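Coordinate analysis (summary)
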There are 6 protein chains.
Amino acid sequence: MQTKQKTCKDSLVTMTEMVLPNDTNALNNLMGGRLMYLMDIAAAIAAQKHSKRVVVTASVDNISFKEPIVLGDVLTIKAFVTRSFNSSMEVYLEVEVENILMGKKVQTNKAFFTFVAVDQTGKPIPVPEVVPETDFEKELYAGALRRRQLRLVLANRMKPDEATELKSLFMM
Amino acid sequence: MQTKQKTCKDSLVTMTEMVLPNDTNALNNLMGGRLMYLMDIAAAIAAQKHSKRVVVTASVDNISFKEPIVLGDVLTIKAFVTRSFNSSMEVYLEVEVENILMGKKVQTNKAFFTFVAVDQTGKPIPVPEVVPETDFEKELYAGALRRRQLRLVLANRMKPDEATELKSLFMM
Amino acid sequence: MQTKQKTCKDSLVTMTEMVLPNDTNALNNLMGGRLMYLMDIAAAIAAQKHSKRVVVTASVDNISFKEPIVLGDVLTIKAFVTRSFNSSMEVYLEVEVENILMGKKVQTNKAFFTFVAVDQTGKPIPVPEVVPETDFEKELYAGALRRRQLRLVLANRMKPDEATELKSLFMM
Amino acid sequence: MQTKQKTCKDSLVTMTEMVLPNDTNALNNLMGGRLMYLMDIAAAIAAQKHSKRVVVTASVDNISFKEPIVLGDVLTIKAFVTRSFNSSMEVYLEVEVENILMGKKVQTNKAFFTFVAVDQTGKPIPVPEVVPETDFEKELYAGALRRRQLRLVLANRMKPDEATELKSLFMM
Amino acid sequence: MQTKQKTCKDSLVTMTEMVLPNDTNALNNLMGGRLMYLMDIAAAIAAQKHSKRVVVTASVDNISFKEPIVLGDVLTIKAFVTRSFNSSMEVYLEVEVENILMGKKVQTNKAFFTFVAVDQTGKPIPVPEVVPETDFEKELYAGALRRRQLRLVLANRMKPDEATELKSLFMM
Amino acid sequence: MQTKQKTCKDSLVTMTEMVLPNDTNALNNLMGGRLMYLMDIAAAIAAQKHSKRVVVTASVDNISFKEPIVLGDVLTIKAFVTRSFNSSMEVYLEVEVENILMGKKVQTNKAFFTFVAVDQTGKPIPVPEVVPETDFEKELYAGALRRRQLRLVLANRMKPDEATELKSLFMM
């Protein structure tokens, strides 16, 4: 039953939050750690929706923080599962920041989180496959293998020369 | 004055925290996002100590979450600046988890966060150089250039074939 | 500029939250007050989006709490502005609760919050009109006048026999 | 034993709170949702005291927010049970706000919350009757029936023309 | 104006709180630090009411934690100013804990906190005198001098043999 | 096994925290209660490390708050067990405050907390003895008996004239 296919839309989560005083540093900017906290919850809900299981964060890919996000800004985090590998799921996130009073809206962060579905004893358990539908979803699906190799190399769980997908990137 | 050199020890921060109920998910495990929140604060303090400036999170490198961390566990996060590049600083973190009642202590996470020192208007401002002392600090210092190239490539701010340090990794 | 018309979709906010330990009472059920806290933030963001102004909560209509919401459930709160009266906006909210592991999804609460747009000195300031588009939005728009009269009567700011819209309800 | 009568004083709760930074919005005003969160806890304790049972929030009547409450203000919330109907209890709340430095004290909100007493399986269970003592308590007791009808009508659980107590209000 | 006398009743604060999951340790007992956090806020409000000034915590006398307080218990903290010395005020607190479901109510802690009233620059500023009314208030008033000497001795700001009031205690 | 000796270093805990908006009062100063909350957690971890048991706060000795600590300051709390008496442990804490931007670092608070180790039923259970190593640790060890007598006298559990160690202090 767990093996039936799912679309990206099936796991899509939209989370909207207002930046409150305790989320900010001495310059009234949102702290990076608070943003990652919110992203982790949004991504976990997406992975739960896809797998119908308890999920645990397995890894987080490189995240760049470009624009400062300030007190009172409204964050919209979108998250959905791009591809699954047995019991693990890659979740794509994008963060949009809106300063409503100044009428400014920018997309600030893109990120990939990986989750593993587990049973009640904490053991990994297989999850449904993803069927990408739009062009953007297909692009994310295709790139997921390369990102997975990079994760394994960076975690010392794959040798660089075995990461064929990834290697081609540096060979061009 | 800001250009004088500093050691890794000068920026070393030790943060100890107990995992409380609200930090955990339905399996009583620490949520990944809560751990990143704490790591970001520890790393920010290290970068502040090095630069004597307000700092903002610029990026976070891949993080893997290996061991589940449970309610009541004690986290010890150590963070120090490994190397600086103009106004940016790479901070190395390691997380140790201790289950005191069961007498179990494991190192669970290593991570690199990058911070930028800014003045009161939010503009980047140069920071002191790092002088590594121990073998481990020297190794981290040497690897910092390669990790920086990977960050720039992953953020689409450097072409893969310009990342000479990084490239050599995949050419072996 | 503030007087141009807006649709309900323009102010639509979707907020997704996971019920965490500290949100719950001794039976592991979400506390009503925590749900109202989240609803107030979602509604405030909708009113901000409509008015492009700082907004303050003016009133909350009767809310019934039907289904118990438990630890680990995922809340999805949708909010949009149904109609404006000078500087005040009525916001409609609906709360959907999903227990992902049990595959159960129910709509639990409907509510109306009223906000007032204020300038930097805290003075009320006019907001755009709402143009309802769908049948449901038109129904909400039409009912807004009656609900407004009920609010004014309940707050002792209108005599019952002046509330013509409302009165007809009890005369049938 | 659960059927013995109780006075309003038996369930009286006084809760004093200081408005902290994270409770406020961009104008440094207390957010309406935070106030409702505190009111819900005060009212729940009153209902617990009356019933000696676990209680759950069943409904909240219309609340108007009149005066802005600001950072540093001291809130005093008083709550007691006005009347019971089988397993449900109506709780009356009043909120007083004091700005100590400016020597200003105002009563800002009155509200009615309804709670249901439940057993360990979550099933409703009868609670003691209320014996009002002062004139004000008697007035609240008498009005409770009309408010209950309004709640039922608004929740679509009673037809308007059956709400005899309420109807008379609009017939005058 | 600041020199007019005040009664203990003038500064009396009653704070009621429910013990929530995040306030507790691995045995579901309220953490001592969380209780001191709440006591500090209650005492600060009492000192503010007495002085009509911003106040800062100057010291806390020995506190013993006798009874374990558990998840779901209701705390009632009472605090009032017992005596003032120029710009400092001694606040007496007592904590009562009620387990409503088990019908158990005990007084668990007594404590003395000292606060200093300050002006906007943080400088100490004189406060009104206290006029004790009941026997218990008079007893607290009389003992305040001895406790003050003990504080000064313990903070190394008075030599033991100058603490005449205190000394007599050990000479009996 | 619980009776083997331990050094002070074995239980040493270092906790680093940044003062965030919600930790502060109207003058942007850290509230005393928030500091005690953090001290209690640091001390509890030290007592846990020493005893390998669940611990509960038994008492807190007089604490003086000297320097104001402000928003953005970095707190470093050090805690270790100085001496044990059967199942109780005295923990010494010192708090250092650093204002990194102003290059100011001061030691602000010293304190003694006492914890009791308990088994799963909450019953006290013996803990290892402490073997002090440095001169400072030996001084703390020696003074622990006098402080213990003061605690017992202040909690009315010892008569002043039985507190021989303490008495000598006032007899000089």
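Residues numbered from 1 in each chain as written. Chains lettered and ligands numbered in written order. Predicted model: local features only at pLDDT ≥ 70, side-chain atom pairs only at ≥ 80, totals over all residues. Heavy atoms only, no water.

1. Some remarks on the packing of aromatic side chains
- Evaluation of the coordinates by the stated rule reveals 24 aromatic pairs over all chains.
- Taken together, the ring pairs connect A:F80, A:Y92, A:F112 and A:F136 into an aromatic cluster.
- Just above the ring of C:F85 sits the side chain of C:R148; from NZ or CZ to the centre is 4.6 Å.
- The ring of D:Y141 carries D:R83 above its face, with NZ or CZ at 4.1 Å from the centroid. (Phe/Tyr/Trp six-rings, centres within 6.5 Å; stacked < 30°, edge-to-face > 60°. Lys NZ or Arg CZ within 6 Å of the ring centre and 35° of its normal.)

2. Here we look at the side chain of D:N99
- Relative to the helices and strands, D:N99 resides in strand 6 (residues 88-99).
- For D:N99, a relative accessible area of 16% gives the class buried. (Helix = DSSP H or I, 4+ residues; strand = E, 2+ residues; numbered from the N terminus. Buried < 20%, exposed > 50% of the residue type's maximum accessible area, 1.4 Å probe, protein only.)

3. A word on the relation of the copies chain E and chain F
- For the match of chain E to chain F, the screw axis carries a shift of 0.0 Å, the RMSD comes to 0.0 Å, and the turn is 180 degrees. As the rotation angle and translation indicate, the two copies are arranged about a two-fold axis. Relative to the rotation axis, the closest C-alpha in chain E is found at E:N62, a distance of 2.4 Å.
- A shared interface surface links the copies, since 100% of the contact residues of chain E are contact residues in chain F too. (Least-squares fit on C-alpha atoms with pLDDT ≥ 70 in both. Contact = heavy atoms within 4.5 Å.)

4. So, the sheet that holds strand 5 (residues 74-85) of chain C
- Read from one edge of the open sheet, 6 strands run 2(C)-5(C)-6(C)-7(C)-3(C)-4(D), paired in antiparallel fashion. Each of the sheet's edge strands pairs with one partner strand only, and the pair in question is strand 2 (13-18) of chain C together with strand 4 (63-64) of chain D.
- By the bridge criterion, 6 bridges tie strand 2 of chain C to strand 5 of chain C in an arrangement that is antiparallel. Bridging from a neighbouring strand, C:T16 pairs with C:T76 of strand 5 of chain C.
- Here helix 1 (residues 32-51) of chain C sits on the sheet in contact with strand 2, strand 3 (54-60), strand 5, strand 6 (88-99) and strand 7 (104-118) of chain C, set at roughly 45 degrees to strand 5 of chain C.
- Relative to strand 5 of chain C, helix 2 (residues 135-154) of chain C is tilted by about 75 degrees, and along the sheet it contacts strand 3, strand 5, strand 6 and strand 7 of chain C. (Pairing = 2+ DSSP bridges. Axes fitted to C-alpha atoms, helices over the stretch in contact; angles between N-to-C directions.)

5. Quick notes on the arrangement of the chains
- A minimum C-alpha distance of 17 Å separates chain A and chain E, which share no contact.
- Across all C-alpha pairs, the smallest distance from chain C to chain F is 17 Å, and the two are not in contact.

6. Structural notes on the packing of helix 1 (residues 32-51) of chain E against helix 2 (residues 32-51) of chain F
- Two numbers describe how helix 1 of chain E lies on helix 2 of chain F: the axes approach to 8 Å, and their chain directions differ by 175 degrees. Comparing the axis directions of helix 1 of chain E and helix 2 of chain F gives the class roughly antiparallel. Facing helix 1 of chain E, whose interface residues are E:G32, E:G33, E:R34, E:M36, E:Y37 and E:D40, helix 2 of chain F presents F:G32, F:G33, F:R34, F:M36, F:Y37 and F:D40.
- When the residues that make up the contact of helix 1 of chain E with helix 2 of chain F are grouped by side-chain class, the tally is 4 nonpolar, 4 polar and 4 charged. (Parallel < 35°, antiparallel > 145°, perpendicular 65-115°, else oblique. Nonpolar A, V, L, I, M, F, W, Y, C, P; charged D, E, K, R; others polar.)

7. Considering the side chain of B:S87
Residues and elements named next belong to chain B.
- Structurally, the position occupied by S87 is in the loop between strand 5 (74-85) and strand 6 (88-99).
- Among the residues examined, S87 registers a relative accessible area of 15% and is labelled buried.
- Apart from the residues within four sequence positions on either side, S87 is in contact with F115, V116, A117, P124, I125, P126 and V127.

8. Observations concerning the interface of chain E and chain F
- Taken together, the contact between chain E and chain F spans 38 residues of the former and 38 residues of the latter.
- Interface area for chain E against chain F, summed over the two sides, is near 3,200 Å², with a carbon-plus-sulfur share of 68%.
- The tally of links between chain E and chain F comes to 7 residue pairs in polar contact (both at pLDDT 80 or more).
- Contributions of two or more residues to the side of chain E that touches chain F are made by helix 1, strand 3 (54-60), strand 4 (63-64), strand 7 (104-118), helix 2 (135-154) and helix 3 (164-171) of chain E.
- For the side of chain E that touches chain F, the element with the highest residue contribution is strand 3 of chain E, accounting for 7 residues.
- Bridge count between strand 3 of chain E and strand 4 (residues 63-64) of chain F: 2 bridges; the pairing is antiparallel. Bridge pairing in strand 4 of chain F links E:V60 to F:I63. (Buried area = accessible area lost by both parts, 1.4 Å probe. Polar contact = N/O pair within 3.5 Å; in protein donor to acceptor, adjacent residues only side chain to side chain.)

9. Things to note about helix 1 of chain C
- With 20 residues, helix 1 of chain C ought to run about 28 Å at 1.5 Å a step, and its terminal C-alpha atoms sit 28 Å apart, in line with that.
- The buried count for helix 1 of chain C comes to 19 of 20 residues, which makes it a mostly enclosed element. (Expected span 1.5 Å × (residues − 1).)

10. Comments concerning the environment of F:P68
- Inspection of the secondary structure assignment puts F:P68 in the loop between strand 4 and strand 5 (74-85).
- Sequence-wise, F:P68 and F:M31 are 37 residues apart; in three dimensions their C-alpha atoms are separated by 9.2 Å.

11. Topic: the pairing of strand 3 of chain E
Residues and elements named next belong to chain E.
- When you tally the buried positions in strand 3, you get 5 out of 7 residues, the bulk of the element.
- Examined bridge by bridge, strand 3 and strand 7 share 6 bridges and lie antiparallel to one another. Paired with V54 across the strands is V118, a residue of strand 7.

12. Thoughts on the pairing of strand 5 (residues 74-85) of chain D
All names here are of chain D.
- Of all 12 residues in strand 5, 11 are buried; the element is thus mostly enclosed.
- Pairing geometry for strand 5 and strand 6, over 11 bridges, is antiparallel. Paired with V74 across the strands is E98, a residue of strand 6.
- Linking two consecutive strands that pair antiparallel, namely strand 5 and strand 6, is a turn of 2 residues; a positive phi of about 60 degrees is found at N86 within it.

13. Comments concerning the environment of A:M31
- Secondary-structure assignment places A:M31 in the loop between strand 2 (13-18) and helix 2 (32-51).
- For A:M31 and A:V70, which are 39 residues apart along the polypeptide, the C-alpha to C-alpha distance reads 9.3 Å.
- Look past the residues within four positions of A:M31 in its chain and what remains in contact with it is A:N22, A:D23, A:T24, A:N25, B:Y37, B:D40 and F:L20.

By themselves these figures say nothing about function.
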